[in-house]
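Notes for the structure review
What follows is each chain in one-letter form.
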Amino acid sequence: MGFGRNPHVAKAEAAEQKALTAKDASGYERAWRDASRLWDRAAERETDAKRKAAYAEKAEHARATADAPAPSN
């Protein structure tokens, strides 16, 4: 990771991936909530307004996904 890179972006993406592979509903919800928290942290750290807005939108989407029922696999 280079200087100036936002480490929370990669962590949020990893949390989203974990949510998509979750085996149960509670793990699914927990992973999406973790992803939303990490997207919020990424947005707080970001200086570029366009990326900041995109990260905030991703955080909101992750929260909405966590509130929705988990898809049955």
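Our subject is the structure that appears above.
Described below are features of the structure shown in this document. Because the structure is a prediction, the values reported are computed rather than measured. (Residues numbered from 1 in each chain as written. Predicted model: local features only at pLDDT ≥ 70, side-chain atom pairs only at ≥ 80, totals over all residues. Heavy atoms only, no water.)

1. So, the overall build of the protein chain
Tallying secondary structure elements over the protein chain gives three helices and zero strands in all. Starting at the N terminus, the α and β elements of the protein chain follow one another as α-α-α. Counting only C-alpha atoms and orienting by the principal axes, one finds that the protein chain spans roughly 40 × 25 × 15 Å. Contacts spanning at least 24 positions in sequence make up 56% of the contacts within the protein chain whose residues lie at least 6 apart. For the protein chain, the exposed surface amounts to about 5,100 Å²; the carbon and sulfur share of it is 52%. Distance from the positive charge centre (14 side chains) to the negative charge centre (12 side chains) of the protein chain: 5 Å. (Helix = DSSP H or I, 4+ residues; strand = E, 2+ residues; numbered from the N terminus. Contact = heavy atoms within 4.5 Å. Areas by Shrake-Rupley, 256 points an atom, 1.4 Å probe, with all protein chains shown as cover. Lys, Arg positive; Asp, Glu negative; His and termini not counted. Charge placed at Lys NZ, Arg CZ, Asp CG, Glu CD.)

2. A closer look at the side chain of Asn6
Mapped onto the elements, Asn6 comes out in the segment before helix H1 (7–20). Judged by its relative accessible area of 15%, Asn6 is buried. For Asn6, the side chain forms a polar contact with the main-chain oxygen of Ala42, separated by 2.9 Å. Among residues more than four places away in sequence, those in contact with Asn6 are Ala42, Arg45, Glu46 and Tyr55. (Buried < 20%, exposed > 50% of the residue type's maximum accessible area, 1.4 Å probe, protein only. Polar contact = N/O pair within 3.5 Å; in protein donor to acceptor, adjacent residues only side chain to side chain.)

3. Considerations on H1
Taking 1.5 Å of rise per residue, 14 residues should cover 20 Å, and H1 covers 21 Å from first to last C-alpha, within 8% of that figure. Listed in full, the buried residues belonging to H1 are Pro7, His8, Val9, Ala12, Ala15, Glu16 and Ala19. Along its buried surface, H1 packs onto helix H2 (25–45) and helix H3 (49–67). (Expected span 1.5 Å × (residues − 1).)

4. Concerning the environment of Lys23
Positionally, Lys23 belongs in the loop between H1 and H2. The class of Lys23 is exposed, set by a relative accessible area of 82%. With 39 residues separating them in the primary sequence, Lys23 and Ala62 have C-alpha atoms 18 Å apart.

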